[in-house]
Structures are given as C-alpha cells and as structure tokens.
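Close look at the chain arrangement
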Amino acid sequence: MNNDRRLLILYGSQTGCAQEVAERIWRESKWLHYSGPVIAIDDYPIDKLIFEKKIIFVCSTTGQGDQPDNMKKTWKFLLRKNLPSNSLANVEFAVLGLGDSSYVKFNHVAKKLYRRLLQLGGKPLCNIGLADDQHDIGAFAVIDPWIDNLWNVLIEKHPLTDGLTPIDRNSLPPPKWNVHHSSSIISNYANDKLPNNDQLKPNSTIVTCLSNTRTTSENHFQDVRLLRFEYSENSINYLPGDVLMVRPVNSETSVNIFFQLLNDNKNMKLNPTTVLNVTQCSDDMPIPYNLSKPFTLYQCAKYYWDLNIIPNRYTFQLLSYFTDNALEKEKLKEFTTPEGQEELYSYCNRPRRTILEVLADFPHATANLSLEYLFEIFSPIRPRAFSIASAPSVHKNEIHILVAVVTYKTKLVAKRIGLCSTWLASLNIGDKIPVWIQKGTFQFPYSPSCNVIMIGPGTGVAPFRSFIHEAVAKKCGNAKTLHLYFGARNRLGDFHCVDDWEKLVVNEKLSLYTAFSRDQDHKIYVQHILEQNEEELLKLLSNKECYVFVAGNAKDMPTAVKNVFINILTKNKHLNTIDMMETKGFYQTETWS
C-alpha cells in the first residue's frame, strides 16, 4: 500500500456512537483513495503509532471526564512523562470529540488528547471537533461539517498523484461489508435471537426478571417502573454509582412495518427467514462478533438494527443515491446541504421522525435499496445505561433499576415511544436478558465523618437509593450525614421508593427533604427547598468532607441547583467555590437528556 494514502482511524467508544462515526469516516475516505484500518484505540499496537503519517481520532467522554474503556490502556501510555516531546513529530492528526455540554468536563477526553498529541510533536490537520448531544440536532451539528472540512483539508494538503483523481463525493461510498443471502433454513434460529446475541459483550451475563412494579399511581401521566433482576452468585460485581447496561430489542410492530416496507423493493426478494451471511470487503473493517455467524433477516431486524432511531443527515445523503424519482432526489439532496439543515430539523428532529417513517416517506429510494446498504441505512441498537438502584450489601444477588417509560406526542399521528424503556416495561417475571456493568459517573464516599447532600428529582433518585442503603449497611451514614432532596409532581402520584425513605427516616438513618411541584397553587422545585435550607446547607458545606451529588434531567434542574450552591458559597464568603469542589470531586453531577 502507498504509505501516502494510508489513513489510520482510531476510536474510543463506550456505547458505539464514536465507532459508528469512525466507520463512516473510513467509508468516505475511499473518495480520496485512502486505505487503512478503523479500530478501537486499545486494539492498535501503540508502539507502531510513531510510524504512522496520518491518524484520525474519534473519542467520546464518559462520566466525570473519563475515557471509554477501549482506550484506557493507550491513554495511560500516552500520558507517560518519559515520552520524548518529538515522539509524534512525523504524524499529522485530527481529533473529533463526542460529548454532552450538560457535564462540567464537556469533551474532556478529546480536549486532553488533542493537547497531548501536540505536546508529543504531532501536527494537527484541522481544529478539534467538539460535538454536543445537547444541540438541537444532536452531535451531528458538529460531526457533519467537521468531516466535510477534513476531506477539504486533506485534498489541499495531500493532492492525489500517479494519475489518481478524487472519486465524486456525490457518488455512493462503498459498503462496509459484503452481504450474501439464501433461502436455507437455520435450525432453531428462524424466529429466535441472533446466534451470538447473548455474548454481545465479553463480560455480559444473563439476569432473570424478579418483578416489574409500577412506582407511579395508575392515574399519573407517566409510567415509572422499578425492575428487580436476579443474578447467579459471583456473576456480577457492582458498587453504588455503577450503571447497568442493557441492549433492547425492537417491537414486533416495528419489525412487521420493516418487512412491509421491503415488499416493494426491486433489488431484494427477502422474507423474515432469509438467511444472511456477512463477509469482509476489506481487512480494515472487521465483522462485529454478533454478525459473525449466519442469521435470518428477522433476527437482524429484531435484535440488531435500531428501527426506532431518528436518522441523521448522512442517512438522507445515502438515500439520495438510491432514488430514481426527481422530486425525492431533490428533497433528499436539499436535506444534506448547509442551507437545508433548518428544514431537516423541522422534518426529522423536531417531530422525532423514525427511520421507518422516513423510508415510508421516500418509497422510491426504499424500493431501490440493496442488501449491503441496509447495514448503512440502519444503525445497530446501542446499549442503554441505567443507574443501579440497589445496594450489593442489602439486596443480595439482585440488581434494581428505576425506568421512566418514554412516551409523548409530536405533530405526527403516531405517539413517540422510547425503544428501551418500552421494552423493559414489557418484561414479565421469569424473562431473561443479557446485561453488563459499567462504571458510572458518581464516586461515592464511605466515611462516618462525611456529609453527603444528594439532589435527585424523579428517576434521578435511583443511584442515591443504592448509595444510602449501602452506606447505612456499612454504618457510614445516618440522618446527620445523609441528606436527600427529592422532587416530583405529586406526593401521591410519583413519590418513587417512598417506603424505603420513610423507613430510613423513622430509623434516623436519613434526612429527607421533598418538593412536590403540583401539590399547591405555586410550583415548588428542589432548588426552592435548597434555598429554604441555606443555613443547614452552609453548616454541612463547612465540613472538610462534604459531597454534593446531583442526578436527573439535564434541561433546567442541574443549572438551577448549581446556582443555589454558588449563591450560598458566595454570599457567605466560603473558602470553597463550586469550581474547586468540582475539581476535587466534592460536587458531582449525572444528567441525561
């Protein structure tokens, strides 16, 4: 291979998003005749890094500014102080970060990696990209223009030689894999899970549903479930603050719609029992473990592709290559232009239109799709993280999660539903699912001298249920040191885990403060209760070991709560500031959209 046309693409990905973006960059790189592997950062032999010429890094940030698991080993190596400052003098690099600005250490890993590569002598191809999940159209508001700019920079800095010309960027990029199909029958798998579905992660284990209990009243607008799972002894080890990872499956309704959409396809005569076999087009793009054995199209539609996902701009670009209808092509191309982003947002993101609904809206493109490109149009189902709500010392061989079932209306006729929460809510006692444990955002202290202030409205209370029970069991907390602020709409409607809190309060193991916003004429939220308790909070904060934990929806609550603490510390001329507390781990947040 011509070393000038080698492009190494490395990703650090916790849930699969960074990997997906890295694979897209790999596919598009073929327009400029680049080749080279796209792999997890830790899977690349680090001692070979100095011999590379061009490297693209795509990495996410997890928790309190932590690295994804599949880049931790390399990260540790890169931070070694004895590395020469000219180690990467011959390397050009680009860094794209995926993060969430509701966290203090927004894109911390990408920023730190970029700085470290500079310190080691690397030369940046372009500015760092900092994608933000909180943007109206999500991370792709940054990802799309950053990738477009990357190609423009590379063609300018490294023009093609030897008679090569760029492949038209308006042409279809090559598929990731070859996909063959046959009508042979796979024994036991015609309507069952993917052959390797339960081994999606090396450390996954099977748990059994013990109970699936609604914690909100029947007349409350939202359905929230406390799910209890049982695991065999020693198969799971977790601590309060850890999260349970689950990978949901699609509903039968969605799977049926998918097959209805394929009925008019000109290129594929497929049915649910059609057997697929995925093989590599290139050594640079390996086959995922759970697609490495033959499987049926039904299994793929049910267990692998996310049929509920909201498509991004790149999906519309791919669809534009397949339509033979002039009006469809014009509209699809318009959605991929900078000028068309507002209209794309109004069509797709604002109403939360799913990939199946988009395919129904563009029937000519859907009718021409080929089998290989279904693996480009559809994204794999990504695992979801749920804060663990049980305590290992108290709930023996059990693991609990608190799940709000997502359902809401938009201008579209069909109501929007959350894929994972709806699936979890449908589980019956005795159902078995694969799960795995991941380190969470929170790092809880266990010391009788610590003051711990926890603010967890709604399902944000889940990690605190885990910690409080564990701290009490370890005799590391009581009503003087453990302070929980809980907020919801109604005391009788959505007071999650009320029995737990009442017992702990009666036994003087917990101080509980509640804000029920709709139980009086004026709305009261957790930040208002915090303001009322300024004097008590100041006493707690004056302890050298005082921790504040905030968990819940990222929209308004975390900022409002933070402002209360800023005001208390500033007004009383406290030695600590929130910035200092965050840096030292005394103020931690865990939020979600």
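As annotated in an unreviewed UniProt entry, the protein chain carries the name NADPH-dependent diflavin oxidoreductase 1 and comes from Melanaphis sacchari. In its Catalytic activity (unreviewed entry) section, the UniProt entry covering the protein chain states "2 oxidized [2Fe-2S]-[protein] + NADPH = 2 reduced [2Fe-2S]-[protein] + NADP(+) + H(+)". Its UniProt record gives the protein chain a comment under Subcellular location (unreviewed entry), which states: "Cytoplasm".

Feature annotation in UniProt assigns "binding site: FAD" (unreviewed entry) to the following positions: R352, R384, A385, F386, S387, G418, L419, C420, S421 and W592. Taking the farthest pair of C-alpha atoms as the criterion, the annotated set spanning 241 residues is dispersed, since that pair is 25.1 Å apart. The residue G418 is located in the loop between strand 16 (416-417) and helix 13 (419-425) in this model. Dropping the residues within four chain positions of it, G418 is found in contact with N308 and V406.

One can read the domain layout of the protein chain as domain 1 (8-157), domain 2 (205-248 + 383-438), domain 3 (252-377) and domain 4 (451-591). The straight-line distance from the C-alpha centre of domain 1 to that of domain 3 is 27 Å. Carbon and sulfur atoms supply 55% of the area that domain 1 and domain 3 bury against each other, a total of about 1,300 Å² over both sides. Summed over the three residues of domain 1 that lose the most area to domain 3, namely W26, R27 and I137, the buried surface amounts to 35% of that side. The tally of links from domain 1 across to domain 3 stands at three salt bridges. Here R313 ties to D148 by a salt bridge, and the two come within 2.9 Å at their closest N and O atoms. Counting every contact that joins domain 1 to domain 3 gives five residue pairs in polar contact (both at pLDDT 80 or more). Of all elements in the fold, only helix 1 (17-29) and helix 4 (140-157) reach the threshold of two or more residues within the side of domain 1 that touches domain 3. Per-element tally for the side of domain 1 that touches domain 3: the top contributor is helix 1, with five residues. For the side of domain 1 that touches domain 3, a count of residues per class yields six nonpolar, two polar and eight charged.

Counting buried positions along strand 1 (residues 8-12) yields five of five residues, so the element is predominantly enclosed. Side chains L8, L10 and G12 of strand 1 all project onto a buried face; the interleaved residues I9 and Y11 project onto the opposite face, where all are buried too. Inspection of the sheet shows strand 1 paired to strand 3 (residues 54-60) by five bridges, in the parallel sense. Within the sheet, the bridge partner assigned to Y11 lies in strand 3 and is V58.

Bringing the packing of helix 14 (residues 462-473) against helix 15 (residues 498-506) into the picture now. Closest axis-to-axis distance for the helix 14/helix 15 pair is 12 Å, and the angle between their directions is 30°. Compared by their axis directions, helix 14 and helix 15 come out roughly parallel. With respect to the hand of their crossing, helix 14 and helix 15 are arranged in left-handed fashion. Contacts between helix 14 and helix 15 involve F464, R465, I468, H469 and V472 from the first element and D500, W501 and L504 from the second.

The sheet built from five strands is open, its strands ordered 20-19-18-21-22 with parallel pairing. Two strands bound the open sheet, and with one partner strand each, they are strand 20 (511-516) and strand 22 (587-592). Strand-to-strand twist in this sheet, taken as the mean axis angle between neighbours without regard to direction, amounts to 10°. As judged from the four bridges shared by strand 18 (residues 451-455) and strand 19 (residues 482-488), these two strands associate in the parallel manner. For M454, the partnering residue across the bridge sits in strand 19 and is L484. With respect to the sheet, helix 14 is in contact with strand 18, strand 19, strand 21 (546-553) and strand 22, its orientation differing from that of strand 19 by roughly 155°.

The next thing to look at is the environment of K266. Here K266 lies in the loop between helix 5 (252-262) and strand 11 (275-280). K266 sits in the exposed class, given a relative accessible area of 52%. When sequence neighbours within four positions are dropped, the list of residues in contact with K266 reads D324, A367 and N368.

Scoring rules and cut-offs
- Think of each chain on its own: its residues are numbered from 1, step by step along the sequence as written.
- Local features are withheld for residues below a pLDDT of 70 in this predicted model, meaning they are given only at 70 or higher, and side-chain atom pairs are given and counted only at 80 or more; totals for whole chains, interfaces and linings count all residues.
- Only heavy atoms go into the side-chain values, all of them from the structure, while hydrogens and water stay out.
- UniProt positions are given in the numbering used here, feature names are shortened, and annotations may be inferred rather than shown by experiment.
- Here a helix means four or more residues in a row that DSSP labels H or I, a strand means two or more in a row labelled E, and each is numbered from the N terminus.
- We call two residues contacting when some pair of their heavy atoms lies within 4.5 Å.
- The source of the domain bounds is an automatic or database domain assignment.
- Accessible area that two parts lose when put together, with a 1.4 Å probe and added across both, is what the buried area reports.
- Salt bridges are identified by distance alone: a Lys or Arg side-chain nitrogen within 4 Å of an Asp or Glu carboxyl oxygen.
- In protein, a polar contact requires one atom able to donate a hydrogen and another able to accept it; more generally it is a pair of N or O atoms within 3.5 Å, and residues adjacent in sequence count only if both atoms are side-chain atoms.
- Think of it as three bins: nonpolar holds Ala, Val, Leu, Ile, Met, Phe, Trp, Tyr, Cys and Pro, charged holds Asp, Glu, Lys and Arg, and polar takes everything else, Gly as well.
- For the exposure calls, accessible area comes from a 1.4 Å probe over protein chains only, and a residue counts as buried if that area is under 20% of its type's maximum, exposed if over 50%, partly exposed in between.
- Paired strands, in this sense, are two strands between which DSSP finds at least two bridges.
- Only C-alpha atoms enter the line fits that serve as axes; for helices the fit covers just the stretch in contact. Angles between N-to-C directions range over 0 to 180 degrees.
- Throughout, the term roughly parallel applies to angles under 35 degrees, roughly antiparallel to angles over 145, roughly perpendicular to angles from 65 to 115, and oblique to all others.
- Each crossing is labelled by how the near helix is turned from the far one, with a counterclockwise turn of less than a right angle marking it left-handed and a clockwise turn marking it right-handed.

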